[in-house]
Amino acid sequence: MSRLTDLIARAKAKDRALGDELEREFKALASRRAFGLNFERHRPESVELPGRPIRRGDKVRILPPRGSTAKGDPRLWKVLRIDEDDGKRTAHVSLIDAAEPETADVATDNLVVVAEFRDYIYPGLVSTGKVERGGDKPYHTVINGENFHVLEALTYTHRGKVDAIYIDPPYNSGASDWKYNNNYVGDDDLYRHSKWLAFMERRLLVAKNLLKPSGALIVTIDEHEVRRLGLLLEQTLQGFTIQQVTIVNNPKGVTQGYLSRVEEYAFFCFGPECTIYSADDDLLTFRETKETEDGLSRPRWKGLLRSGDEAQRKDREQMFYPVWINPKSKKIIRAGEYLPLDKEPDFELRDEEGNTAVWPVRKDLSLGRWGVGVDTFNNLVKNGYVALGRYDKKRRSWGITYLTEQHRAEIEEGILSVLSCDPITGVADVAYAGAATRKVRTVWHRTSHDAGAYGTDLVGALLGNGRAFPFPKSLYAVEDALRVVVRGKPNAVVLDFFSGSGTTAHAVMRLNRQDGGRRQSICVTNNEVRATEQATLKKSGLRPGDAEWEQLGICDYITKPRIRAAITGKTPEGEDIDGDYKFTDEFPMTEGFEENAEFFTLTYETPVAVHHNLAFQRIAPLLWMRAGAEGSRIDALPDQGWAVAETYGLLVDLDRSAEFCDAVDACDGLRIAFIVTDDDRRFQSVARRLPDSVEPIRLYESYLSNFRFSMGR
Ligand SMILES: C[S@@+](CC[C@H](N)C(=O)[O-])C[C@H]1O[C@@H](n2cnc3c(N)ncnc32)[C@H](O)[C@@H]1O
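These remarks concern the structure in this document.

The next thing to look at is the overall build of the protein chain. Scanning the protein chain from N- to C-terminus turns up 16 helices and 34 strands. Here the C-alpha atoms of the protein chain give a radius of gyration of 34 Å, more than 25% beyond the 27 Å that 2.2 N^0.38 yields for 713 residues. Overall, the protein chain is about 115 × 70 × 55 Å in size when its C-alpha atoms are taken along their principal axes. The buried share of the protein chain, taken over its 713 residues, is 50%. In the protein chain, the proportion of contacts linking residues at least 24 apart, taken out of those at least 6 apart, comes to 69%. Summing over all exposed atoms, the protein chain offers an accessible surface of approximately 34600 Å²; the carbon and sulfur share of this is 48%. For the protein chain, the separation between the mean place of its 99 positive charges and that of its 108 negative charges on side chains is 3 Å.

Here you go:
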């Protein structure tokens, strides 16, 4: 280190600026933690915004000519001026951070705007459609956009309001499955892991601000990044309890390395105040239950005759004893003393009341033994936990069943209930108390989690017509994961900011149907066209931003149509969806769901260029989302200076405050009043006149500045 300090001092002496810069880098390196996960932060991250008009001052990249499949020029240029000639716009651009100044004149059609994450952004939302079948239920929202920027926008609408985040990020498999700064990251990229970590960390840091303290974050991952992700989560989510779940999602297996891989993982990160719900199924073991006519689930009682290993009389001498029964009433009376090995059992034994003795006789007619000792047995009898079955002539014995130690523990915990006792035999009727009675395990092995059958094939059935999405999750696996954290929360808000085909929204709708909930999901995904299709589109002269290109992007081609299809029960072609939902709630897919959903695209505004009303339109959906994404929306500045919708109100003209406050008073269920003013005193005076149940929120008159974000700095 001292050698380095010395070298820096010498560099400073020669070239002050260079020396200072070296020193800064050195300090940054030296301040890194010695233990834990070390990686480059790769600042700044950036995103291209195809289709966004080019304006003076924008940062841009120069696109390769149409028809070319060449990699784009990664350099960034700044637009200094735009000249218009005969309807043709030409930008005069200069290279950013160039050693030698370089300028160029480029047709604006050949430029694409770039938003660096350290730049301020002014996000807006434009509605691109909706589906309404859910009456007054809140809307599921689907947002097409760069998730980092959408997360920033959500810090305005949902800070501390989200109950569960479920994400399935790109797994960084090395097969160009994701982009960093607009370039696919392949396995030849030396910074592959550190780019992925920087990408994930940036988003997790914003996302955790959205969670309630009682919330939970679930992240799925496979073997490529599981170890690094585990460390990253520990570092970024301090105060959370993190558990790793192994999910068998491909039971057929993929040969990888030496063994055949059948699983992936989910990290469950429970917030400090998170509560967990029991389930009907622990997702690993099978509980032997029998469904009965009354619809109750009863445990399967265990045979008292020991089977399998060590089942001979000689194996446990003291467990060979007579069980006294009344063959007429079928009442079990008690266990007699055990019979020492050197004595033969008497099969004709009877007492004066007509009770007979039952001995443990195996199928092969040899002498066996019972599964519990005399004392335990007599205790079980007292409680009614032993039942007499049928007489077996061949064995000269009776079937006897009992409640195991685990069942008894479940009775203690209230999981199993004793409903009644038979008045003659005294045998207890026990059933599982509620449906949800078991703790989910950390290894999941269920056919319903097969991503092929219940991910790829299911999405195929919903979309019909050969539309395919690479590797959607099994609908039922996502449903099971969410059930763990939102089962008892019928109004939960669930966010997925890597939503791909929209499985999370679909799973939330299923959960709602199962318990009449009003949960809502927020699904965010970009509109990437599949890597395999991009070359063909480029060769045919198309570019991102062109309508023909964008319509094949994930959000427009898969996510929105899938969610629409799930709700309506019809494929995008209008055909009834073929097939039934399975497992927890089985019904024809064509029934759809009684839910609402609205689709949006994230826009990037420049505050100077947007006039008042348009700027308001762009933020209107954000206000509506903040108020719960429920009921109608105030989409334009109201002519009368104020407006009220079901869940929120908007006051623009403060001279009309009295009318506004009266209208707010008259509305039930109104949660928020947005008050537009730059004057703090006037805001306070209106706020004081509002009912306590209504939260006053101030908006600046320059609407977009309410939503100015830059967290990637
Ligand atoms: C692995 S997929 C998720 C699949 C999803 N769980 C399902 O069942 O369909 C990840 C998705 O995240 C999207 N994505 C990747 N990077 C993104 C980003 N920076 N912003 C928004 N979406 C992104 C990709 O387009 C892809 O659709």
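What follows is about the pattern of salt bridges. For the coordinates displayed, the defined rule picks out 50 salt bridges. For E102, the salt bridge is made with R75, and the minimal N-O distance between the two is 3.6 Å. Taken together, the residues E102 in the loop between strand 4 (88-95) and strand 5 (103-107) and R75 in the loop between strand 2 (59-62) and strand 3 (77-85) connect sequence positions 27 residues apart. Accessibility expressed as a relative area gives 36% for R75, which makes it partly exposed.

Moving on to the sheet that holds strand 34 (residues 695-699). Taken in spatial order, the 4 strands line up as 31-32-33-34 in an open sheet, and their pairing is mixed. What marks the edges here is a single partner per strand, and that holds for strand 31 (642-644) and strand 34. Pairwise comparison of adjacent strand axes, ignoring direction, gives a mean angle of 15° for this sheet. Here 4 bridges tie strand 32 (residues 648-651) to strand 33 (residues 672-676), and the two strands are oriented parallel to one another. Paired with G649 across the bridge in strand 33 is A673. Its contacts with the sheet place helix 15 (residues 657-666) against strand 31, strand 32 and strand 33, and it is angled at close to 0° to strand 31.

Right, let's get into the site of the ligand. Taken together, 18 residues are adjacent to the ligand, and N147, D168, S501, T503 and N526 come closest. Backbone polar atom of N147 to a nitrogen atom of the ligand: 2.9 Å apart, as the coordinates give it. Between the ligand and N526, the relevant distance is 2.7 Å, taken from an oxygen atom to a side-chain nitrogen or oxygen of the residue. Compared with its free state, where it exposes 600 Å², the ligand has 89% of that area covered by protein. Among the residues forming the shell around the ligand, the class breakdown is 6 nonpolar, 8 polar and 4 charged.

Here we come to the pairing of strand 10 (residues 175-180). In the sheet, strand 10 pairs with strand 11 (residues 183-186) via 3 bridges, with the strands oriented antiparallel. From the neighbouring strand, A175 faces strand 11, where its bridge partner is G186. Where strand 10 folds back onto strand 11 in an antiparallel hairpin, the turn is made up of 2 residues, including N181, whose phi is positive at roughly 50°.

At a minimum axis distance of 9 Å, the contact between helix 3 (residues 147-157) and helix 14 (residues 612-626) shows a crossing angle of 55°. With respect to their mutual orientation, helix 3 and helix 14 come out oblique. In the packing of helix 3 onto helix 14, the handedness of the crossing is right-handed. Contacts between helix 3 and helix 14 involve A153, L154, Y156 and T157 from the first element and L622, L623, M625 and R626 from the second. Counted by class, the contact of helix 3 with helix 14 contains 6 nonpolar, 1 polar and 1 charged residues.

Criteria and thresholds
Residues numbered from 1 in each chain as written. Predicted model: local features only at pLDDT ≥ 70, side-chain atom pairs only at ≥ 80, totals over all residues. Heavy atoms only, no water. Helix = DSSP H or I, 4+ residues; strand = E, 2+ residues; numbered from the N terminus. Rg over C-alpha atoms; globule rule 2.2 N^0.38 Å. Buried < 20%, exposed > 50% of the residue type's maximum accessible area, 1.4 Å probe, protein only. Contact = heavy atoms within 4.5 Å. Areas by Shrake-Rupley, 256 points an atom, 1.4 Å probe, with all protein chains shown as cover. Lys, Arg positive; Asp, Glu negative; His and termini not counted. Charge placed at Lys NZ, Arg CZ, Asp CG, Glu CD. Salt bridge = Lys/Arg side-chain N within 4 Å of Asp/Glu carboxyl O. Pairing = 2+ DSSP bridges. Axes fitted to C-alpha atoms, helices over the stretch in contact; angles between N-to-C directions. Near = heavy atom within 4 Å. Polar contact = N/O pair within 3.5 Å; in protein donor to acceptor, adjacent residues only side chain to side chain. Nonpolar A, V, L, I, M, F, W, Y, C, P; charged D, E, K, R; others polar. Parallel < 35°, antiparallel > 145°, perpendicular 65-115°, else oblique. Left-handed = near helix turned anticlockwise from the far one by under 90°.

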